[in-house]
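Residues per chain are reported as follows:
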Amino acid sequence: MTNIHSENYLCSCLGFARHLVSGLFVVFLSCLSLQAAPVKKINVTTTVTMVTDLVKQVGGDRVEVRGLMGPGVDPHLYKASASDVVKLQQAEAIFYCGLLLEGKMQDILAKMARTKKFVYPVTESIPVKRLLEPPEFAGHYDPHVWFDVTLWSMCVDTVVKGLSEFDPSSKAHFEQRGKEYKARLEQLHDWALKTSKELPKDKRILITSHDAFNYFGKAYGFQVVALQGISTVTETSPADMVKLVEFIKKHKVKAIFVESSVPHKTIERVAADAGVKVGGELFSDATGTPGQIEDGHDLGTYEGMIKHNLNTIVKALK
Ligand SMILES: [Zn+2]
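A brief look at the structure comes next. (Residues numbered from 1 in each chain as written. Predicted model: local features only at pLDDT ≥ 70, side-chain atom pairs only at ≥ 80, totals over all residues. Heavy atoms only, no water.)

### Concerning the overall build of the chain
For step 1, the next point in the chain: Assigned secondary structure in the chain consists of ten helices and ten strands.
For step 2, the next point in the chain: A total of 318 residues make up the chain; the buried ones form 47% of that total.
For step 3, the next point in the chain: Nonlocal contacts in the chain, meaning residues at least 24 apart in sequence, comprise 65% of its contacts between residues at least 6 apart.
For step 4, the next point in the chain: Accessible surface for the chain amounts to roughly 16,200 Å². Of this, 58% is attributable to carbon and sulfur atoms. (Helix = DSSP H or I, 4+ residues; strand = E, 2+ residues; numbered from the N terminus. Buried < 20%, exposed > 50% of the residue type's maximum accessible area, 1.4 Å probe, protein only. Contact = heavy atoms within 4.5 Å. Areas by Shrake-Rupley, 256 points an atom, 1.4 Å probe, with all protein chains shown as cover.)

### Digging into the nonpolar core
For step 1, the next point in the chain: The biggest cluster of nonpolar side chains holds 71 residues, and the ones touching the most others in it are Phe95, Trp146, Trp152, Phe222 and Tyr302.
For step 2, the next point in the chain: Looking at this core element by element, the count peaks at nine residues for helix α5 (residues 149-166). (Core = buried A, V, L, I, M, F, W, Y, C linked by side-chain atoms within 4.5 Å.)

### Digging into the sheet that holds strand β4 (residues 119-121)
For step 1, the next point in the chain: With respect to topology, four strands assemble into an open sheet ordered β2-β1-β3-β4, the strand pairing being parallel. Two strands lie at the open edges of the sheet, namely β2 (63-67) and β4, each paired on one side alone. In this sheet, adjacent strand axes meet at a mean angle of 20° when their direction is disregarded.
For step 2, the next point in the chain: With respect to the sheet, helix α3 (residues 82-90) is in contact with β1 (42-46), β2 and β3 (93-96), its orientation differing from that of β1 by roughly 140°. (Pairing = 2+ DSSP bridges. Axes fitted to C-alpha atoms, helices over the stretch in contact; angles between N-to-C directions.)

### Examining unusual backbone geometry
For step 1, the next point in the chain: Backbone geometry at Leu100 places phi at a positive 65°, although glycine is not the residue there.
For step 2, the next point in the chain: With respect to the helices and strands, Leu100 occurs in the loop between β3 and α4 (106-115).
For step 3, the next point in the chain: What makes Leu100 partly exposed here is its relative accessible area of 30%.

### Section: the coordination of the zinc ion
For step 1, the next point in the chain: The coordination sphere of the zinc ion, as far as protein atoms go, consists of His76 (NE2), His144 (NE2), His210 (NE2) and Asp285 (OD), spread over 1.9 to 2.1 Å.
For step 2, the next point in the chain: In this structure, the zinc ion is coordinated by four donor atoms arranged in tetrahedral fashion, with angles at the metal of 92 to 126°.
For step 3, the next point in the chain: When the donor residues of the zinc ion are listed from N- to C-terminus, their spacing reads H-x67-H-x65-H-x74-D. Of the two residues, His144 sits in the loop between β4 and α5 while Asp285 sits in the loop between β8 (277-282) and β9 (293-294), which places them 141 residues apart along the sequence. Taken individually, His144 and Asp285 each receive the classification buried, so the pair is uniform in this respect. (Donors = N, O, S within 2.8 Å, 3.2 Å for Na, K, Ca; no water. Tetrahedral: all angles 85-135°; square planar, octahedral: opposite > 155°, others 65-115°.)

### Notes on the environment of His210
For step 1, the next point in the chain: Here His210 shows up in strand β5 (residues 205-210).
For step 2, the next point in the chain: Using a relative accessible area of 0% as the deciding quantity, one classes His210 as buried.
For step 3, the next point in the chain: Remark: the alpha-carbon pair of His210 and Ile267, spanning 57 residues in sequence, is separated by 9.8 Å.
For step 4, the next point in the chain: Setting aside anything within four residues of it in sequence, one finds His210 in contact with His76, His144, Ala226, Gln228, Gly229, Ile230, Thr232, Glu259, Val262, Ser284 and Asp285.
For step 5, the next point in the chain: Here His76 takes part through its side chain, which lies 3.4 Å from a polar atom of the side chain of His210. (Polar contact = N/O pair within 3.5 Å; in protein donor to acceptor, adjacent residues only side chain to side chain.)

In structure tokens:
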């Protein structure tokens, strides 16, 4: 009897231990699966820094973004390197500006669009009637849309759509982040309207190297004059320089500006000839370096770029 009793006791002990072990194993497994559940990031390749920032703002921690062009790089002249082509081929989604901004990358971008499903020019969500069509750009639209904050805000929609098409399970996440970013851009636009009005109307003349600021001029009430055309591919003639010097003298313009993605030499020469100062360096076709902070704003972001430009312009022309 004692033997049977102790055997029963032993059996129930063993049974309990087995339950305990299997129970612990289940807990262990669920812990493991909880830990091993980070969302897989979408591997995105972008072109210019403004688009890189836009995708990061919308995608947050669900995207891994590789931008091909860094700060100070001129997209009109940029040609894709062999390693760029590899990055484009490896990407799960590609976002670029479009409207021929990446003028010398058209072939490779068109090829990617033919062979890949998730390739998006961010400017496709801007209604055509809002685009400028300067006569000197031979039937093409002016691509520098980011200088009207309301137009750039529309490009958020393309990124939300593209990322959601690739990863439908994160659609709500991208929509929420897109909405929040657009709210910030609305504030930025209001700030830009208010800040530009610190200058009287006749002082709002913006003279730069290349014609990147037409949308800016239209949105914030500046007359915009540039040495080179819409694309930096166009060369400056001595006659253009003489004309610009005369214009500066006639309108008593206080300062003119160099651009971060265009060589400074010609504008510096015009400033010297006209007897005016260079009012500072503007970010035209690329943002500044990420992590570089100015007045609390990261110059590597689109918001930091807009703040820097307008603050520089207003300070120099006041
Ligand atoms: Zn440009």
